[in-house]
Amino acid sequence: MNEPREQVCMNSSAIMAIFSALALGHSLFLAGHLWASVKKRPSSFFLALLLTALAVRILKSVLVILIPESPDIIPAVGLVGLMTIGPSLWFYIKSFKNVEYKATRLHLWHYVPALILIVLIPFFNEQQMFVAYCISVAHMFLYITRSADFVMRAFRNYGRTERKWLSLLLAAIFLIWTTFFAQLLIESFITYLSVTIVASITIYGLSLWAGKKTRLFTEPRRIYTEKASQEVLQVGNQIEHLLTQERIYTDSKLTVKTISERLSKPEYVVSQSVNAYFKQSFPELLNYYRIKHASSLIESNTYENLSIEGIAYESGYNSISAFYRAFKNLKGVTPAQFKKT
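Parameters and conventions
Residues numbered from 1 in each chain as written. Predicted model: local features only at pLDDT ≥ 70, side-chain atom pairs only at ≥ 80, totals over all residues. Heavy atoms only, no water. Helix = DSSP H or I, 4+ residues; strand = E, 2+ residues; numbered from the N terminus. Buried < 20%, exposed > 50% of the residue type's maximum accessible area, 1.4 Å probe, protein only. Salt bridge = Lys/Arg side-chain N within 4 Å of Asp/Glu carboxyl O. Core = buried A, V, L, I, M, F, W, Y, C linked by side-chain atoms within 4.5 Å. Contact = heavy atoms within 4.5 Å.

1. Some details on unusual backbone geometry
Turning to step 1, where the next piece is worked out: For arginine 247, which is not glycine, the phi dihedral falls at a positive 50°.
Turning to step 2, where the next piece is worked out: Examined against the element boundaries, arginine 247 turns out to sit in the loop between helix H8 (230–244) and helix H9 (256–263).
Turning to step 3, where the next piece is worked out: Although it is not a glycine, serine 264 sits at a positive phi angle of roughly 60°.
Turning to step 4, where the next piece is worked out: Summarising the element assignment, serine 264 is placed in the loop between H9 and helix H10 (267–278).

As structure tokens, this is what we get:
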């Protein structure tokens, strides 16, 4: 009587392992595609890293299903992948709207726990492995909540499609996290299967939905569409000229009305042109050019004696707190930290 049941279990495990292996390959394929597009959109780097970390974690579950008596190194690899998911999600969310966001040495500190695990895991006993897993699950949850909070605070800055994508991504990662948390409470073959099932379905689902929204993974600025009117494109070119050649962004009192008067165009046309031509809101566009200008001043030897406050005013900010906030959001570090790199 037990043999048929065992056979069914073996067949089910084999089917799930094959299905999960396909999801693993799919994750790595998407990650490879994103690695190739990093120059177009820096956030692709962190999304690729996130998918790679998920792939590593799925690989661990697949191997455990296929090899019940697997060596200790396999769970160890899974823990490293688990520790990498959280920081990669966090940096992807932060860099999503920022085409100038760059990975720096400071980002590596967020991956130190994963690097420490690589060194220490070979010396862990079973109890220490369990503690490491608990810490990894808590570590991932911390970054998920931090990422969700960031999205909620910046929700109005995203377009409809961007909001939906980030919401789906956060929901998917949280759903995957619940299966990891379940393994803390119930250690069984079923929980291992649940990880592979949930991870596989969410990865396929996300890629299926996002595959139709290619704009999410291309450079967000200066995307032209056939629907854009000639006037919008013309005004967009004029605004770009004012920003790049005349540096009107250094005027702390610059508004949409100021530009509309300068170009003799209605305000709604200027606003529409900014959104259609640059794919950014007016405040986002100003911050982009102002922080880019501030960065060049910080890196320039000519202005090395200029204080951070002086650089802020030279870049068009009349509020130091607004400058620091915008700089941190776009560069990922404070102006002082950027100056040291």
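2. Points about the environment of leucine 142
Turning to step 1, where the next piece is worked out: As for its position among the elements, leucine 142 is in helix H5 (residues 126–153).
Turning to step 2, where the next piece is worked out: A relative accessible area of 53% means that leucine 142 is categorised as exposed.
Turning to step 3, where the next piece is worked out: Spatially, the C-alpha atom of leucine 142 lies 9.9 Å from that of tryptophan 90, the residues being 52 residues apart in sequence.

3. Thoughts on the pattern of salt bridges
Turning to step 1, where the next piece is worked out: Tallied over the full model, the rule gives one salt bridge.
Turning to step 2, where the next piece is worked out: Arginine 262 is the partner of glutamate 246 in a salt bridge, and the nearest nitrogen-oxygen pair spans 2.4 Å. Linking glutamate 246 in the loop between H8 and H9 with arginine 262 in helix H9, this pair joins segments that are 16 residues apart in sequence.
Turning to step 3, where the next piece is worked out: Classification of arginine 262 as partly exposed rests on a relative accessible area of 47%.

4. Details of the nonpolar core
The nonpolar side chains of a soluble globular protein tend to be buried with one another.
Turning to step 1, where the next piece is worked out: Formed by 48 residues in total, the largest nonpolar core has its most connected members in Ile85, Trp165, Ile173 and Phe180.
Turning to step 2, where the next piece is worked out: Secondary-structure elements contributing two or more residues to this core are helix H2 (43–66), helix H3 (73–95), helix H4 (112–120), H5, helix H6 (160–185) and helix H7 (189–210).
Turning to step 3, where the next piece is worked out: Here this core gets eleven residues from one element, more than from any other, and that element is H3.
Turning to step 4, where the next piece is worked out: Residues contacting isoleucine 85, with those up to four places away along its chain left out, are Leu50, Ala53, Leu54, Met140, Ile173 and Phe180.

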